[in-house]
Amino acid sequence: MTEVKVAVLGGSGAGKSALAVRFLTRRFIGEYASSADCIYTKHLCLDGRQIHLEIYDLCSQPQQGKLSLTDELHWADGFIIVYDISDRASFAFAKALLYRIRESHLAVCKKMVESSIFLVGNKQDLCHMREVGWDEGQKLAIENKCQFCELSAAEHYQEVVAMFTKVLRNTTSNFKVK
Ligand code: GDP
Ligand code: MG
């Protein structure tokens with residue numbers, strides 16, 4: 001059994017809980033508790049390998065500028081950084097998070113490699129209210145050597161599964177070279 005820990009990070013309302021719950025239950029329920037941090041667990045089989053997955057959905061939001069994410073950074077093997085394409089402030093927050101993760105990675109020389117970070121532009125169904133261009137997300141991901149996609153937790157179940165699967169694949173392939 002391989003244990004994989006994934007932290008879902010991003011600004012408040014970006015859709016972190018929606019993404020995690022969609023992946024875990026297939027359902028989009030619309031409203032999600034935001035009062036406490038949650039760790040969800042799931043057993044799954046990926047490429048013939050049994051995986052015990054823990055997903056950390058960070059509900060208590062660190063304020064931008066004083067991101068005290070040290071515990072999360074040490075806990076997680078992989079990261080999903082979520083922003084809302086219809087909310088520019090959430091993109092700025094995602095950018096700050098990426099820099100924070102890189103900084104910490106460089107500082108402590110952690111096991112994590114950049115390929116285990118996925119930048120996700122959520123709420124693609126709201127593209128008529130778009131404030132962040134696809135190319136801006138792509139550029140930020142290239143600058144930080146992480147993966148990138150836009151999707152909708154509300155409407156794109158298959159894309160949500162594909163994104164989580166890529167995160168798991170990259171993260172577990174890092175384990176092999178440890
Ligand atoms: P969190 O604070 O990052 O965990 O955000 P939530 O997952 O609680 O989502 C915040 C709000 O955005 C909720 O009202 C969700 O229903 C909504 N939401 C999440 N994902 C999507 C999406 O893909 N499309 C749309 N239209 N709304 C979404
Ligand atoms: Mg939440």
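Residues numbered from 1 in each chain as written. Chains lettered and ligands numbered in written order. Predicted model: local features only at pLDDT ≥ 70, side-chain atom pairs only at ≥ 80, totals over all residues.

- Looking up the protein in an unreviewed UniProt entry gives the name small monomeric GTPase, with the organism given as Catharus ustulatus.
- Annotation of the protein in UniProt includes, under Catalytic activity (unreviewed entry), the sentence "GTP + H2O = GDP + phosphate + H(+)".
- The record in UniProt for the protein states the following under Sequence similarities (unreviewed entry): "Belongs to the small GTPase superfamily. Ras family." (UniProt positions renumbered as here; feature names shortened; annotations may be inferred.)

### A short note on the site of ligand 1
Then comes step 1: Residues in close proximity to ligand 1 total 19 residues, the closest being G15, K16, S17, A18 and A154.
Then comes step 2: At three residues, helix α1 (residues 16-25) tops the list of elements feeding residues into the shell around ligand 1.
Then comes step 3: Here the residues of the shell around ligand 1 sort into six nonpolar, nine polar and four charged. (Near = placed C-beta within 6 Å. Helix = DSSP H or I, 4+ residues; strand = E, 2+ residues; numbered from the N terminus. Nonpolar A, V, L, I, M, F, W, Y, C, P; charged D, E, K, R; others polar.)

### Some thoughts on the pairing of strand β5 (residues 117-122)
Then comes step 1: For β5, a buried count of six out of six residues is recorded, marking the element as mostly surrounded by other parts of the structure.
Then comes step 2: Neither face of β5 is left uncovered, since the one carrying I117, L119 and G121 and the one carrying F118, V120 and N122 both have all their residues buried.
Then comes step 3: Sheet topology note: the strand β4 (residues 78-84)/β5 ladder contains six bridges and is parallel. By the bridge assignment for β5, I81 is matched with L119. (Buried ≥ 20, exposed ≤ 12 C-beta atoms within 10 Å, placed from the backbone. Pairing = 2+ DSSP bridges.)

### Concerning the pairing of strand β1 (residues 2-10)
Then comes step 1: As judged from the seven bridges shared by β1 and strand β3 (residues 49-57), these two strands associate in the parallel manner. Each bridged residue has a counterpart across the sheet, and for V8 the counterpart in β3 is D57.
Then comes step 2: Sheet analysis places β1 next to β4, joined by five bridges and oriented parallel. Bridging across to β4, G10 finds its partner in V82.

### Things to note about helix α4 (residues 134-143)
Then comes step 1: Restricting attention to buried positions, one finds in α4 the residues G137, L140 and A141. The arc that holds the buried residues of α4, viewed along the axis, is 100 degrees, so those residues lie on one side. In α4, the exposed positions angled more than 90 degrees off the buried face are occupied by D135, K139, I142 and E143.
Then comes step 2: In the segment just after α4, K145 is the residue with positive phi, at about 50 degrees. (Arc of directions from axis to C-beta.)

### Notes on the sheet that holds β4
Then comes step 1: Reading across from one edge, β2-β3-β1-β4-β5-β6 is the order of the six strands in this open sheet, with mixed pairing throughout. Strand pairing shows two members of the sheet lacking a second neighbour, β2 (38-46) and β6 (147-150), which therefore form its edges. Looking at each pair of strands side by side, their axes are set apart by 20 degrees on average, direction ignored. (Axes fitted to C-alpha atoms, helices over the stretch in contact; angles between N-to-C directions.)

### Regarding the confidence of the model for the protein
Then comes step 1: Here the protein averages 87 in pLDDT, and 85% of its residues register 70 or above.
Then comes step 2: Per the prediction output, this complex has pTM 0.91; the corresponding ipTM is 0.99. (pLDDT = per-residue confidence, 0-100.)

### With respect to the environment of Y99
Then comes step 1: On the secondary structure map, Y99 appears in helix α3 (residues 88-108).
Then comes step 2: The exposure class of Y99 is partly exposed, given the 13 C-beta atoms found within 10 Å.
Then comes step 3: Expressed as a C-alpha distance, the spacing of Y99 and T165, which sit 66 residues apart in the sequence, is 24 Å.

### Considering α1
Then comes step 1: Counting buried residues along α1, eight of its ten residues qualify, which places the element largely inside the surrounding structure.
Then comes step 2: Taken residue by residue, α1 has K16, S17, A18, L19, A20, V21, R22 and F23 as its buried positions.
Then comes step 3: In the segment just after α1, R26 is the residue with positive phi, at about 70 degrees.

### Points about the nonpolar core
Nonpolar side chains in soluble globular proteins generally cluster together in the buried interior.
Then comes step 1: Core analysis: the biggest nonpolar cluster contains 44 residues, and V6, V8, I80, I81, L119 and V120 have the highest contact counts within it.
Then comes step 2: Listing elements by their share of this core, those giving two or more residues are β1, α1, β3, β4, α3, β5, α4 and α5 (157-176).
Then comes step 3: In terms of residue count, α3 provides more of this core than any other element does, six residues in total.
Then comes step 4: Apart from the residues within four sequence positions on either side, V8 is in contact with K16, L19, A20, I55, Y56, D57, L58, I80 and V82. (Core = buried A, V, L, I, M, F, W, Y, C linked by C-beta atoms within 7 Å. Contact = placed C-beta atoms within 7 Å.)

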